[in-house]
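Chain and residue survey
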Amino acid sequence: MLDKTFNPGAIEPVLYAAWEKSGAFACDPQSAKRPFCIAMPPPNVTGSLHMGHALNHTLQDILARFERMRGRDVLWQPGTDHAGIATQMVVERNLAAEKTDRRALGREKFIERVWQWKAESGGTITRQLRSLGASPDWKRERFTMDDGLSAAVRRVFVSLHKEGLIYRDKRLVNWDPKLHTAVSDLEVESRETKGSLWYIRYPVVGHDGAFITVATTRPETMLGDTGVAVNPEDERYKHLIGKHVVLPLTTRHIPIVADEHADPTAGSGAVKITPAHDFNDFEVGRRHNLPLINIFDRDAKLNDSVPESYRGLDRFAARKQVLADLEASGLLEKTEPHTLMVPYGDRSGVVIEPWLTDQWYVNAKELAKAAIEAVERGATVFVPRQWENTFFEWMRNVQPWCISRQIWWGHQIPAWYAPDGRVFVEETEAAAKAAARAHYGEDVALKRDDDVLDTWFSSALWPFSTLGWPAETPELKRYYPTDVLVTGFDIIFFWVARMMMMGCKFMGEVPFRTVYIHALVRDERGQKMSKSKGNIVDPLAIIGKYGCDALRFTLTALAAQGRDVKLAESRIEGYRNFATKLWNAARFAEMNECKLDPKFDPASAELTLNKWIAGALAQAALRATEALEAFEFNTAADALYHFTWGTFCDWYVEFSKPILTAVHANTKAETEKAETRAMTGWILSRLVHLLHPIMPFVTEELWKHLTDGKDRLLIQGRWPALDAELVDRDAAAEMDWVVALIAQIRAARAEMNVPPGLQIDAYLVEIGARENEFFGRNLLQIMSLARVKHIAKLDAVAPAKQNTIQVVVENASLLLDLAGAIDVGKERARLQKEAQSVRAELDKIAAKLGNEQFLAKAKAEAVDEQRERQAEARAALGRLDAALARIGGA
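What comes next concerns the included structure. Bear in mind the structure is a predicted one, so any value in this text is a computation, not a measurement.

1. Let's talk about the overall build of the chain
Within the chain, the regular secondary structure consists of 29 helices and 29 strands. Taken across its 890 residues, the chain has 53% of its residues classed as buried. Only carbon and sulfur atoms are counted for the fraction: they give 49% of the accessible area of the chain, which is about 40000 Å². The averaged location of the 120 negative side-chain charges in the chain is 2 Å from the averaged location of its 112 positive side-chain charges.

Dropping the structure here:
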């Protein structure tokens, strides 16, 4: 017997353990089934489950469970990322608590400590994914630093180096002066900052008293200027192009160059060029062969390339000193307040410095060619398709990829240096020594490069390295390319594009056929979740409060393509109630002996009610199937929700109660009861299958009770392929009309504030011949469910009834007699007042949305919020106008 309520906290761990024990998650490389493969985006080994993970892995799990049930051999490849900087920082904090640091330990001992930490604490995220119901093939779990993946990384690095596609170069990088390493763009957080724009006079050489004024937000970098740029079309400066200026506070002369980088409308129209400390200036410097003068050391202190009085100063102390000296020299023209975006390291929290340094690079432009061509010809398709434009924009303008990092945890670069600086790049130290011996004719001492590879380098190999590459494994042959990648838009550049590059290069084929890009999970107001805002929603806390199924269904229902998820706890509570509704329907069925009969054929049903529900389920199943095939997760959830809550629970269960609960003596009544019991059991059995990919726990538990635990687990069940012939158009027409009539009567009662339990009279004004048959066959159900005690036919020529409201459905019109139920005049006045208030609210919103100043200053979230309020108000006004039309008010 089912418990009165579903207890997720007690049931979910038991069911998950049963799934794992059964081997239901495992793929079978020897299977004759058609393969289906998803490579799980590897979460950081340091990570804890956040709402972005919850959305991403819920959608992946839905696809994995859906395709398993459709008979595919599913490999959902799990694993974690070694997360170089993040993991090193965790271990370094632990060492600091022990009053030591990594340098005191030395590299080898430090790496041992990291592996020790991983063994003890690195499994947190995968344990949490289990609590989400994720069903990957855990026995095949990989780690980006395991032996197999490390071998793949070395093979790729050496191969690309031998082809000249990996090389060393001196270029600008995002330098973290606290962590002392280059970082990727994804590890840089831009913060809006209120700063200043300083206007500095640069004296023109040979023109006494003449200056060119430049505007800058970083006056300290002026000491590294090697040019001043003006727009070639700017009439103010055309006569100065080719001349030189004296760099203030120094004796250096630097040229004035013409470059379109200078915007005549910004600042003074002239810009200082500091090629060694600004990414745009670096490109301008290359175009005009300007020198690169690096004025910072690794701590962002000024070095010996600047005048002596500034050497050793921190960059911000140097800023104050430079400004003071400029003002004393009469070269600071003016200062204006200025809001700008300042780059901060997301780990260190310090301002990131563009810094000129020697690093290892990948020729991404060359590797991008095959990836671009693959998407152009449709070998890989993005869903939604507009993300292909983002992919093309970045790939067609891709810059060299800096792949070296100045930390210890990660894949150490397989490059060894001889005493004369010559580098030998090989997969092993023995191979490097052999190459050096062949070059020099004798053994020489070699020193390995200290740097490690960017974490994204090993992640770029994930779709094929996890399948055993470079070995030619059965798994690689069977599951590559993978079918779909589910990921967020924020890593299209950092991960998706690079997997495309590496897959095309080393496998000769794209790594995935489809890339499904999901949106961000935001708070209920559309704000991005962050610790500083205090609006983070913890998925584990939500699971503890409402159960895993409620969270999963909420995320799925809100996962519309191209639209961010606005997550409100009230929605999660609502979908918890949905699970409860399904549970209660199953309890009702159990109490009324509605069991699953394996021999029952729904096509054999005789009752209109049962024909209708079987056809409605077939239609819902078709919509859900087509939606999941098209990655329209919210559409699938919507179809199943409305069938379950509306068609099945609200209507079919209510319609079936008189049949199931009445005591009958005749054979016909008993036959109808038996058929309805069998249909209810069949519907529930198919419904839990359809809902299982989204709500795996409650459906598995219900399946166990439906089959008395004697059948296989639901996760191993077959996806319902329901015959379209189950749709009986006559039955659907009749029952849909009856439902519409009852719903309209209920809505009218609610609009007029008629007490729910009060029985009222009604008058049938007009009705079509077919609808009159529907009406006659279902009269008792209509009266019972609409709370109508008597329905009389009204002569069309009779005088209009007082205190009545009209209800209209297809080919029928009724009047509801509200005399004694409500004061119609008061209700009309109330509705008119509410409608007036809503119209006033709409006018305010329209004025705000029509205000150009508001639209220019407001954040996108604020504008969206106003538009949502407008849509809600319009819907409310529509309901009020409909109610007034019923009551005869204006």
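2. Points about the sheet that holds strand S7 (residues 188-203)
One key point about sheets: their strands pair by backbone hydrogen bonds, in either a parallel or an antiparallel sense. Spatial strand order, S8-S7-S13: three strands in an open sheet with antiparallel pairing. The open sheet has two edge strands with one neighbour each: strand S8 (211-216) and strand S13 (332-345). Put simply, the sheet's adjacent strands are angled 20° from each other on average, direction ignored. Bridge count between S7 and S8: six bridges; the pairing is antiparallel. Its bridge partner being in S8, Tyr199 is matched across the sheet by Ala215.

3. Let's talk about the state of the cysteines
Considering all chains together, one arrives at zero disulfides under this definition. You can see Cys594 has no disulfide; the closest cysteine sulfur is in Cys649, sitting 13 Å from it.

4. Quick notes on the nonpolar core
The biggest cluster of nonpolar side chains holds 150 residues, and the ones touching the most others in it are Trp612, Phe648 and Phe655. The biggest single contributor to this core is helix H21 (residues 633-661), with 13 residues. What Phe648 contacts, discounting residues up to four positions off in sequence, is Ala585, Ile613, Phe643, Val653, Thr680, Ile683, Leu684 and Leu687. Judged by nonpolar contacts, the second largest core, of 62 residues, contains Leu149, Val425, Ala460 and Trp469.

5. Topic: the pattern of salt bridges
Within this structure, the stated rule accounts for 60 salt bridges. In this structure, the salt-bridge partner of Lys162 is Glu426, at a minimum N-O distance of 3.5 Å. Of this pair, Lys162 sits in helix H7 (residues 147-162) while Glu426 sits in the loop between strand S19 (423-425) and helix H12 (429-440), placing them 264 residues apart in sequence. In this structure Glu426 comes out as buried when scored by relative accessible area, which is 17%. Ionic pairing is found between Glu868 and Lys566, a salt bridge with its closest N-O pair at 2.3 Å. With Glu868 in helix H29 (residues 860-887) and Lys566 in strand S25 (residues 565-567), this pair connects stretches of sequence that are 302 residues apart.

6. Brief notes about the environment of Asp146
Structurally, Asp146 can be placed in the loop between strand S4 (142-143) and H7. Among the residues examined, Asp146 registers a relative accessible area of 18% and is labelled buried. Taking the C-alpha atoms as reference, Asp146 lies 17 Å from Phe110; in sequence the two are 36 residues apart. For Asp146, the side chain forms a polar contact with the main-chain nitrogen of Gly148, separated by 3.2 Å.

7. Re the packing of helix H19 (residues 569-591) against helix H23 (residues 696-706)
Packing of H19 against H23 brings their axes to within 11 Å, and their N-to-C directions diverge by 5°. Comparing their axes, H23 and H19 come out roughly parallel. Facing H19, whose interface residues are Leu582, Trp583, Ala586 and Glu590, H23 presents Val698, Glu701, Leu702 and His705. Here the residues of the contact of H19 with H23 sort into five nonpolar, one polar and two charged.

8. Section: the side chain of Thr181
If you trace the backbone, Thr181 turns up in strand S6 (residues 181-183). Separated by 2.8 Å, the side chain of Thr181 and the backbone nitrogen of Gln406 make a polar contact. For Thr181, the residues in contact, after removing those within four places along its chain, are Ile85, Asn174, Trp175, Asp176, Arg405, Gln406 and Ile407.

9. Notes on the packing of aromatic side chains
This structure, assessed with the given rule, holds 36 aromatic pairs. Taking 6.3 Å as the distance between ring centres and 85° as the angle between the ring planes, the aromatic pair formed by Phe464 and Tyr480 counts as edge-to-face. Of the two residues, Phe464 is situated in helix H14 (residues 462-465) and Tyr480 in the loop between helix H15 (474-479) and strand S22 (482-488); the sequence distance between them amounts to 16 residues. An angle of 25° between the planes, with centres 5.8 Å apart, marks the rings of Tyr641 and Trp645 as stacked. Of the two residues, Tyr641 and Trp645 both sit in helix H21, four residues apart, roughly one turn of that helix. Aromatic ring contacts, followed pair by pair, group Phe553, Tyr575, Phe578, Tyr641 and Trp645 into a single cluster. Above the ring of Tyr199, the side-chain terminus of Lys334 is found at 4.5 Å from the ring centroid. Lying across the ring of Phe392, Arg396 places its NZ or CZ 4.2 Å from the centre.

10. Digging into the sheet that holds S6
Here we have four strands laid out as an open sheet, ordered S6-S5-S14-S16, and antiparallel in their pairing. Pairing within the sheet leaves two strands with one partner each, and these edge strands are S6 and strand S16 (401-402). Pairing of strand S5 (residues 166-176) with strand S14 (residues 353-362), which is carried by 10 bridges, proceeds in the antiparallel orientation. Residue Ile166 lies in a different strand from S14, and its bridge partner there is Val362.

11. Comments concerning the packing of H19 against helix H22 (residues 667-691)
At a minimum axis distance of 10 Å, the contact between H19 and H22 shows a crossing angle of 155°. In terms of orientation, H19 lies roughly antiparallel with respect to H22. H19 and H22 meet at a crossing whose hand is left-handed. Here H19 contributes Phe578, Leu582, Ala585, Ala586 and Ala589 to the contact with H22, which in turn contributes Thr680, Leu684, Leu687 and Leu691. Here the contact of H19 with H22 is composed, by residue class, of eight nonpolar, one polar and no charged.

What counts and what doesn't
Sequence order sets the numbering: in each chain, residues are counted from 1 along the sequence as written. In view of the model being predicted, local features appear only for residues whose pLDDT reaches at least 70, and side-chain atom pairs are presented and counted only at 80 or more, with totals across whole chains, interfaces and linings using the full set of residues. Computation of side-chain values covers all heavy atoms of the structure but excludes hydrogens and water. In this description a helix means any DSSP run of H or I spanning at least four residues, a strand means any run of E spanning at least two, and both kinds are numbered starting from the N terminus. Whether a residue is buried, partly exposed or exposed follows from its accessible area with a 1.4 Å probe, protein chains only, as a fraction of its type maximum: under 20%, in between, or over 50%, in that order. Accessible surface is estimated by sampling points in the Shrake-Rupley manner with a 1.4 Å probe; for residues, cover comes only from the protein chains shown. Note that His is not counted, nor are the chain ends; the positive residues are Lys and Arg, and the negative ones are Asp and Glu. For the purpose of locating charges, the reference atoms are NZ of Lys, CZ of Arg, CG of Asp and CD of Glu. When DSSP finds at least two bridges between two strands, those strands are taken to pair. Axis definition: a line fitted to C-alpha atoms, over the contacting stretch in the case of helices. Angles run 0 to 180 degrees between N-to-C directions. To count as a disulfide, a pair of cysteine sulfur atoms needs to be within 2.5 Å. We call a set of buried Ala, Val, Leu, Ile, Met, Phe, Trp, Tyr and Cys residues a nonpolar core when their side-chain atoms join them within 4.5 Å. When checking whether two residues touch, look at their non-hydrogen atoms; a contact exists if any pair is within 4.5 Å. Salt bridge criterion: a side-chain nitrogen from Lys or Arg within 4 Å of a carboxyl oxygen from Asp or Glu. Pairs of N or O atoms are called polar contacts if they sit within 3.5 Å, as long as, within protein, a hydrogen donor faces a hydrogen acceptor (for residues adjacent in sequence, only side-chain-to-side-chain pairs). Note that the term roughly parallel is reserved for angles under 35 degrees, roughly antiparallel for angles over 145, roughly perpendicular for angles of 65 to 115, and oblique for everything else. For this classification, Asp, Glu, Lys and Arg are treated as charged, while Ala, Val, Leu, Ile, Met, Phe, Trp, Tyr, Cys and Pro are nonpolar and the rest, including Gly, are polar. Between the rings of Phe, Tyr and Trp (Trp by its six-membered ring), a pair exists once the centres lie within 6.5 Å; its type follows the angle of the planes, with under 30 degrees stacked, over 60 edge-to-face, and the other angles tilted. The criterion for a charge sitting over a ring is simple: Lys NZ or Arg CZ within 6 Å of the ring centre, and within 35 degrees of the ring normal. The handedness criterion is simple: a crossing whose near helix is rotated anticlockwise from the far helix by less than a right angle is left-handed, and one whose near helix is rotated clockwise is right-handed.

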